[in-house]
Amino acid sequence: MESLDISKQEWKIMHLLWENPPQTITQITKLLEGQKGFSKNVVITYLKRLEEKGAVYYERGAKAKQYFPKITQDEAEQKEILSFLDKVFHGNAGMLVNTMVKDEIISEEEVMQLYKLLHGEKND
């Protein structure tokens, strides 16, 4: 599965589109108002990049382009996780989990949740 290679700033735009599609450039810019690096021109650039990556598409509205996510959030997350796993851990999920446990990135409770998941038990 190929990565979408979505930047941190592009993820912010994607989350807005997943939460409430469609959005215009003006609406997205207004929602991101006050966050560094989101002028109208920058939002336009990010949307063009996302369109080139196959993550969004637009339809012409009465006054402005209406942007929609082209992929679901789950699909995007899966592509990025698998790409990361492949790049960093050569596709070995066990190495990832081992590193997270060893470096105490995940809690004992999360380890138990993983254990239950791997053994087919329901998480509470």
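Residues numbered from 1 in each chain as written. Predicted model: local features only at pLDDT ≥ 70, side-chain atom pairs only at ≥ 80, totals over all residues. Heavy atoms only, no water.

### Looking at the nonpolar core
Inside soluble globular proteins, nonpolar side chains tend to come together where they are buried.
Item 1. The biggest cluster of nonpolar side chains holds 21 residues, and the ones touching the most others in it are I13, I28 and L47.
Item 2. Counting only elements with at least two residues in this core, the list comes to α1 (8-19), α2 (25-31) and α3 (40-52).
Item 3. By residue number, the principal contributor to this core is α1, which donates six residues.
Item 4. The contacts of I13, once residues within four sequence positions are left out, are I28, L32, F38, V43, Y46, L47 and L50. (Core = buried A, V, L, I, M, F, W, Y, C linked by side-chain atoms within 4.5 Å. Buried < 20%, exposed > 50% of the residue type's maximum accessible area, 1.4 Å probe, protein only. Helix = DSSP H or I, 4+ residues; strand = E, 2+ residues; numbered from the N terminus. Contact = heavy atoms within 4.5 Å.)

### Description of the packing of aromatic side chains
Item 1. Counted according to the given criterion, the structure contains five aromatic pairs.
Item 2. Both rings, one in F84 and one in F89, keep their centres 6.1 Å apart while their planes meet at 70°; by these two values the pair is edge-to-face.
Item 3. Judged by relative accessible area, F89 falls into the buried class, the value being 10%.
Item 4. Directly above the ring of Y58 sits K65, whose terminal nitrogen or CZ lies 4.3 Å from the centroid. (Phe/Tyr/Trp six-rings, centres within 6.5 Å; stacked < 30°, edge-to-face > 60°. Lys NZ or Arg CZ within 6 Å of the ring centre and 35° of its normal.)

### A look at the environment of E80
Item 1. Within the secondary structure, E80 sits in helix α4 (residues 73-89).
Item 2. Taking the relative accessible area as the measure of exposure, E80 reaches 18% and is therefore buried.
Item 3. Placed 77 residues apart in sequence, E80 and S3 show a C-alpha to C-alpha distance of 5.4 Å.
Item 4. Beyond its immediate stretch of four places on either side in the chain, E80 contacts S3, L4, D5, I6 and W11.
Item 5. Here the side chain of E80 touches L4 through a polar contact of 2.8 Å, landing on its backbone nitrogen. (Polar contact = N/O pair within 3.5 Å; in protein donor to acceptor, adjacent residues only side chain to side chain.)

### Remarks on α4
Item 1. Here α4 spans 23 Å end to end across 17 residues, near enough to the 24 Å set by a 1.5 Å rise per residue.
Item 2. Considered for burial, the residues of α4 that qualify are A76, E80, S83, L85 and F89.
Item 3. Structurally, α4 contributes buried residues whose contacts are with α1 and α5 (93-102). (Expected span 1.5 Å × (residues − 1).)

### Comments concerning the pairing of strand β1 (residues 56-60)
Item 1. Sheet topology note: the β1/strand β2 (residues 65-69) ladder contains five bridges and is antiparallel. Across the sheet, the residue bridging to Y58 is Y67, located in β2.
Item 2. Hairpin connection from β1 to β2: four residues lie between these consecutive antiparallel strands. (Pairing = 2+ DSSP bridges.)

### What to know about α3
Item 1. Relative to the 18 Å expected for 13 residues at 1.5 Å per residue, α3 spans 19 Å between its end C-alpha atoms, a close match to the ideal helical length.
Item 2. Here the buried face of α3 lies against α1, α2, β1 and β2.
Item 3. Immediately downstream of α3, the backbone of G54 shows phi near 80°, a positive value.

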